[in-house]
Amino acid sequence: MSKHPLYNQTGFQKDNKSHVLYALANKQMELKLIQDEYELKISKIKSDLTALETTICLFDCDCSETINLKWV
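Residues numbered from 1 in each chain as written. Predicted model: local features only at pLDDT ≥ 70, side-chain atom pairs only at ≥ 80, totals over all residues. Heavy atoms only, no water.

## Remarks on the pattern of salt bridges
Phase 1 of the analysis: In total, this model carries three salt bridges according to the counting rule given.
Phase 2 of the analysis: Here E30 and K27 are joined by a salt bridge, their closest N and O atoms 3.5 Å apart. With E30 and K27 both in helix α1 (residues 19–59) and three residues apart, this pair spans about one turn of that helix.
Phase 3 of the analysis: Looking at E30, the relative accessible area reads 40%, which means it is partly exposed. (Salt bridge = Lys/Arg side-chain N within 4 Å of Asp/Glu carboxyl O. Helix = DSSP H or I, 4+ residues; strand = E, 2+ residues; numbered from the N terminus. Buried < 20%, exposed > 50% of the residue type's maximum accessible area, 1.4 Å probe, protein only.)

Next up, the structure:
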């Protein structure tokens, strides 16, 4: 809990906030971590798709101009 915005350095609640607010803030942080995870996965998938398209174009004569345009 060291970086949680609603807790102080010792892990205690700051400013007497309600437990509901803490639960919502915890859920927000959890969802943000999941979002970051999925954004990394999406970025990897996009990279893999680009590599796959490039590989397909190596074996497809009609696609060679597309490779040259992507690499420029």
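Okay, back to it.
## Examining the packing of aromatic side chains
Phase 1 of the analysis: Under the counting rule described, the total for this entry stands at zero aromatic pairs.
Phase 2 of the analysis: In this arrangement the basic side chain of K41 is found over the ring face of Y38, its NZ or CZ atom lying 5.2 Å from the centre. (Phe/Tyr/Trp six-rings, centres within 6.5 Å; stacked < 30°, edge-to-face > 60°. Lys NZ or Arg CZ within 6 Å of the ring centre and 35° of its normal.)

Keep in mind these values describe shape, not function.
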